[in-house]
There are 2 protein chains.
Amino acid sequence: MPLKLPNYKLLFLLACIITIAVNNAQAQDIYAAYRQGWLKKAEEFKPVLQETIKKPVGIVKITKDTAAFQGWKAINSGGIAQLYNSSFNKKNSGIVVDFGEHLTGYCTFTLKTLRGDMDAPLRLKLTFGEVPSELATPFDPYPGSLSRAWLQDETVTVTVLPATITIPRRVAFRYVKIEWLGASSSFDFGFADIRFNATTSVTVTPPPLAATTPAIIKDIDRVGLITLKECMQTVYEDGPKRDQRLWIGDTYLEALANVYSFKNNDLTKRCLYMLAGLANDDGILNANAFELPQPHAQKSRLFDYCFLYNVALKDYVEATGDKQTGLDLWPVAKKQLDIATKYTGEEGMMDYQKAQKEWWVFFDWKDGLDKQAPVQGITIYTLNQTYALAKLLGKQNDIAWVPALAKKLKDAAHKNLYDKASGLFVSGVNKQVSYGGQAWMVLSGVASKAEAQKALKALPSVSNAVHPGAPYMFHYYVAALIESGLKAEAKEALTNYWGGMIKKGADTFWEVYDPTDELKSPYKFFPVNSYCHAWSCTPVYFIRKYPEIFQR
Amino acid sequence: MPLKLPNYKLLFLLACIITIAVNNAQAQDIYAAYRQGWLKKAEEFKPVLQETIKKPVGIVKITKDTAAFQGWKAINSGGIAQLYNSSFNKKNSGIVVDFGEHLTGYCTFTLKTLRGDMDAPLRLKLTFGEVPSELATPFDPYPGSLSRAWLQDETVTVTVLPATITIPRRVAFRYVKIEWLGASSSFDFGFADIRFNATTSVTVTPPPLAATTPAIIKDIDRVGLITLKECMQTVYEDGPKRDQRLWIGDTYLEALANVYSFKNNDLTKRCLYMLAGLANDDGILNANAFELPQPHAQKSRLFDYCFLYNVALKDYVEATGDKQTGLDLWPVAKKQLDIATKYTGEEGMMDYQKAQKEWWVFFDWKDGLDKQAPVQGITIYTLNQTYALAKLLGKQNDIAWVPALAKKLKDAAHKNLYDKASGLFVSGVNKQVSYGGQAWMVLSGVASKAEAQKALKALPSVSNAVHPGAPYMFHYYVAALIESGLKAEAKEALTNYWGGMIKKGADTFWEVYDPTDELKSPYKFFPVNSYCHAWSCTPVYFIRKYPEIFQR
């Protein structure tokens, strides 16, 4: 029987598959090796927390006031001696102690017997609130979509007096409500002391703003600094009340503000290493990470945050000159670009619908926001920023294909998303006009300076334009205004939005702020919102980076 | 001017007053010196707690059942693996874990992640119950008269998994209900382990009863031993759930039972010293004491308990031959007799009404119980027992006046309180007939043996006789039956009363038990009753001291 020729086509395909598989396995091995080193590096740069003992400044009454933020106001009702000098019982149950500022850390209190013998355990509930409404809104039955346990109410049984008790969980708050839940009527007890061990990794006091700075800008900067300081713990947290962890998006913005304020670049470095160390086997980053019980990621593929990692790394290298870290983490940045190529269509438009099926595409807490323009914009922006990083590191050859792809996406965006008639960028099948869409078309450079100015100026008069839902998106809007040279508009937008929170009594900037809906919550219950949120601290960055706009 | 003669009568009175004042001051000084030494002695005999790790035996369902004690029954519903092998969430919230026996100590549990990443704190409530009804009765709004904090429900916030958590307060329980109060829906967690560090100062296993002993008596003895064991911690506690402390009345009965079971006489010694060390400046004892933060008494003058201290001391010396302790504490016993002389009227009747104005005169948890006969009886009993103690110690001369006073009181009691027509002893202005009154007239020896038998036999058919309100008084009733030689009646009474608790599923004997009113509570809320109570353990004493009555 004659020999049959082998099926070369099949063999070739088989060889290809084996090669890809081996490469993939090697890639995974490489990441595994890298990740251990990266995590080790992250640990090396773990900051020592600064601890400061804080004392209450007085007692407040939480009072209904339709004019106040969320309908509740804290009214000064005297000194803390009121609490220390009287017995604590049913009558003063619900007293609210004010620490005068937002704090993060651990609450300790000391109880003493005032009269008679303690002949039964006593029971107290402490509710910690960042804003007055948290102390006035019943938590149960809990309607929220996140864990009920985020709410900071803790019940304590005390069996022996005197007692000094530390609430085990870390809390973030300004006010603490103390409720009497039970005690023997045959004795009196009282508070001898309440104190708070406040923590932050901030060690630096930033310089004051120029004397010419308007008062409202000074206030915004001050509150922004406190917000950032509170979120800077052993990582950049998103919020010290909630979620208490490292998110790429928040880290990016915190790092921006940090460069212009607390200059704790080692914390940025630690977070970049930790995120890299917790990447998936395929090298794609997870959007968020926890430090305890040991650093680990929540499996969370968030499209826009992967891209922003690259931007944050580039910013870090630029700000510090620390090329070594840039080179160490370069494989991660390079890897994230796979996301861009994977979803680039033939015509240079990102297949944002497919991406949304496969990823969490976030951009903002805003129902109904169309993601086409933002996806297109952030992809271009990331390609450009990553190429800039490559240039800083001498790695252009690694990604020589990037400028061409960026240009292709940019041209396609201009062709498909720019509506010449209105001078606005549109997004999606319904040609939605949004602040987010304009912002990302501007930041990506799709819009020329003239187009950018035209679009951004037109936006406020577009009645159905989708507004930012949270300070996070508002940041990109202000950045776009500055990028377009619309300085006065940038100043006005920042002053109105963050100044609006200031006028409503903010001690720290809120995770969610819609001036028209103060009870807005992405989690179906506004008390579970974070009221000290990293992504809201960026006025610090704007005000201090652009003194010519804001400090005059 | 002629010299005036001094007013010798006045001078004499003045001298008397000074002498008395100096003597009083010296007496106080003596007590002060004694008390330090007594407390030191108490500390020397502090037992080391035995710790045993206990594991749950299964899961139960708490089910409504009008035939069950207090209307609730625990029905076995499978092994603990049910809990360990499944995720803990809203669906199995309220699961009740059964440890199979009453335990006192500290609960520790370990939680683990089963699926996904814990991205929020979680919140659990654990409710510990001695009896099924405690797990089925809402605690709030709390109607009870004692501290709400006695109820054993504890809320825990857990921020990081895996976690091993120990509930800080000591609890006493058989069942623990676990409620889910909140967690992130993006992960599953479960219980890896629940364990209990059970404590007692008991180290001895008492011998089994005679083989001839009826099953119900064996059960009563078994449950009595558990009750006593659970109450024997670093002092004789009244109840490990509530009040968790040393009361003279409970100590007296616990010491009785201890002599015939666990033989931890050092614990008795410790408690006698501690109570003496915490006497008032005038030498009168306080009724109860706490060990923490340092041994201290609750200022509580309880008439009958002061007397029972003397009886307990005599019993201790008699049981152990430890005369040294008897001599050490003799000044205390002698001092308590002042109470007898202070309230003895001219005719040998105690002024029980005056005593009730100036003291807490307890005897029983029974509204409407007239205290005249019990006061008269316990005073005579105490005089006799204290004189017996004096004889053991060779101290008769110290209190040579006692036998005469005892006889005077006894004669007066017989004259005034014995109703020849009915053959019953009466009490108070309304001539109340009570079990307590008969019991104390018998124990004091006011009743002759024939009178005692007649009265105690007549009692059950007296329709308006005041019955015992709690096992504490029931003890004295059974003791009186035995004292009168009514062996069969004693056995029957003990079997019916304590056996009634057994039949209703008691794991330990209850503080309060009225067969006709299972929800009875001196504290206006039956779940705050103690269901493992020292003063209810005395069947152990009766059964083991009188085998000829009970073990056949």
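As a reminder, the structure under discussion sits directly above these lines.
Just so you know, these numbers come straight off a predicted model, no measurement behind them.

What counts and how
Residues numbered from 1 in each chain as written. Chains lettered and ligands numbered in written order. Predicted model: local features only at pLDDT ≥ 70, side-chain atom pairs only at ≥ 80, totals over all residues. Heavy atoms only, no water. Helix = DSSP H or I, 4+ residues; strand = E, 2+ residues; numbered from the N terminus. Expected span 1.5 Å × (residues − 1). Buried < 20%, exposed > 50% of the residue type's maximum accessible area, 1.4 Å probe, protein only. Contact = heavy atoms within 4.5 Å. Buried area = accessible area lost by both parts, 1.4 Å probe. Salt bridge = Lys/Arg side-chain N within 4 Å of Asp/Glu carboxyl O. Polar contact = N/O pair within 3.5 Å; in protein donor to acceptor, adjacent residues only side chain to side chain. Least-squares fit on C-alpha atoms with pLDDT ≥ 70 in both. 1 Å grid on protein atoms, 1.4 Å probe; cavity = no way out; pocket = protein on both sides within 12 Å on 5 of 7 lines; lining within 4 Å. Points joined across faces, edges and corners; volume = space filled by probe spheres on them.

> Requested: an account of helix 15 (residues 487–503) of chain A, with residues and values cited.
Because the α-helix completes a turn every 3.6 residues, residues three or four places apart line up on one side. All names here are of chain A. Here helix 15 spans 23 Å end to end across 17 residues, near enough to the 24 Å set by a 1.5 Å rise per residue. Taken together, the buried positions of helix 15 are Ala490, Ala493, Leu494, Thr495, Tyr497, Trp498, Gly499, Gly500, Met501 and Ile502. The inward-facing, buried residues of helix 15 abut helix 4 (215–231), helix 14 (471–483), helix 16 (539–545) and helix 17 (547–550). Downstream of helix 15 by one or two residues, Gly505 has phi in the positive range, about 95°.

> Quick one: what's the story with the interface of chain A and chain B, residue by residue and with numbers?
Of the residues lining the interface, 34 residues belong to chain A; the matching set on chain B comes to 34 residues. Overall, the association of chain A and chain B removes approximately 2,500 Å² of surface from exposure, summing both partners, and the carbon and sulfur fraction of that is 54%. Taken as a group, Asp117, Asp119 and Arg123 of chain A account for 22% of the area that chain A buries against chain B, more than any other trio of residues on that side. At the boundary of chain A with chain B, the tally comes to 4 salt bridges. The salt bridge involving Asp153 of chain B is made with Arg123 of chain A; its shortest N-O contact spans 3.2 Å. Between the two partners, chain A and chain B, sit 14 residue pairs in polar contact (both at pLDDT 80 or more). Those elements that provide at least two residues to the side of chain A that touches chain B are strand 5 (122–129), strand 6 (153–158), strand 8 (171–182) and strand 12 (296–298) of chain A. When residues of the side of chain A that touches chain B are assigned to their parent elements, the largest contribution, 4 residues, is made by strand 6 of chain A.

> Can you lay out the relation of the copies chain A and chain B for me, pointing to particular residues and giving the numbers?
Taken as rigid bodies, chain A and chain B are interconverted by a rotation of 180° and an axial shift of 0.0 Å, the fit giving an RMSD of 0.0 Å. Read as a symmetry element, the transformation amounts to a two-fold axis. Considering only C-alpha atoms, the residue of chain A closest to the rotation axis is Thr155 of chain A, which sits at 3.2 Å. Interface overlap between copies: 100% of the residues of chain A at the interface are likewise at the interface in chain B, consistent with a symmetric, same-surface contact.

> Give a detailed account of empty space enclosed by the protein, specifying residues and quantitative values.
Tallied over the full model, the rule gives 4 cavities of 30 Å³ or more. A volume near 50 Å³ is recorded for the largest cavity.

> Go over the side chain of Ser184 of chain A, please, and point to the residues and values.
Within the secondary structure, Ser184 of chain A sits in the loop between strand 8 and strand 9 (187–200). With a relative accessible area of 10%, Ser184 of chain A lands in the buried category. Within the structure, Ser184 of chain A has its side chain in polar contact with the side chain of Asp119 of chain A (distance 2.4 Å). At a separation of 2.9 Å, a polar atom in the side chain of Ser184 of chain A contacts the side chain of Ser186 of chain A. Not counting residues within four places of it along the chain, the set of residues in contact with Ser184 of chain A comprises Asp119 and Ala120 of chain A together with Ser147 of chain B.

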